[in-house]
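The primary structure of each chain is shown beneath.
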Amino acid sequence: MIYIFDGEDRKKAEQKARMILGGKIEIIDADNISLAELESIFFEAERRILIKDLFLKKDLVEKLPSLIDTPHKIVLLETKLDKRGAIYKELMKLAKTNKEIRFETFAAA
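The model shown is predicted, which means the values in this text are computed figures rather than measured ones.

K.L.:
How would you explain the overall build of the protein if you had to name every residue and give the values?
P.N.:
Looking only at helices and strands, one finds 4 helices and 5 strands in the protein. Helices and strands in the protein line up, N terminus first, as β-α-β-α-β-α-β-α-β. Relative to its length of 109 residues, the protein is compact, with a C-alpha radius of gyration of 13 Å against a globular reference of 13 Å. Oriented by its inertia axes, the alpha-carbon framework of the protein measures out at about 35 × 35 × 30 Å. The buried share of the protein, taken over its 109 residues, is 43%. In the protein, 71% of the contacts between residues at least 6 apart in sequence involve partners at least 24 apart.

K.L.:
Could you give an account of the packing of aromatic side chains, naming the residues involved and the relevant values?
P.N.:
Applying the stated criterion across every chain yields a total of 3 aromatic pairs. Ring centres of Phe5 and Phe106 lie 5.1 Å apart, and the angle between their planes is 65 degrees; on these two criteria the pair is classed as edge-to-face. Taken together, the residues Phe5 in strand S1 (residues 2–6) and Phe106 in the segment after strand S5 (101–105) connect sequence positions 101 residues apart. Assessed through its relative accessible area of 1%, Phe5 is described here as buried. Judged by relative accessible area, which is 6%, Phe106 ranks as buried.

About the criteria used
Residues numbered from 1 in each chain as written. Predicted model: local features only at pLDDT ≥ 70, side-chain atom pairs only at ≥ 80, totals over all residues. Heavy atoms only, no water. Helix = DSSP H or I, 4+ residues; strand = E, 2+ residues; numbered from the N terminus. Rg over C-alpha atoms; globule rule 2.2 N^0.38 Å. Buried < 20%, exposed > 50% of the residue type's maximum accessible area, 1.4 Å probe, protein only. Contact = heavy atoms within 4.5 Å. Phe/Tyr/Trp six-rings, centres within 6.5 Å; stacked < 30°, edge-to-face > 60°.

The values reported here are purely geometric and, on their own, carry no functional implication.
Dropping the structure here:
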């Protein structure tokens, strides 16, 4: 299951991410991973992972649609999504037909 959270209220988004993922989670900053590491994150033993700002790394986010069927619970915490981008549109299409991906926006209070 993949959740994609965006919006200006990062605190509220991260609180919801932690609630979904439960107690023991891994937090990964997208600046610190490569494409090979991203693929291994999505398909190793079951994990609960919070990845911050993956959409800022174009080479990584382009791979995301092929990683949707991961057995892990993963939350992508984004500051702002480019809703005009091809990857975002592809993921939205997938979200309409696949229960394994969900989007949620957290607006500033």
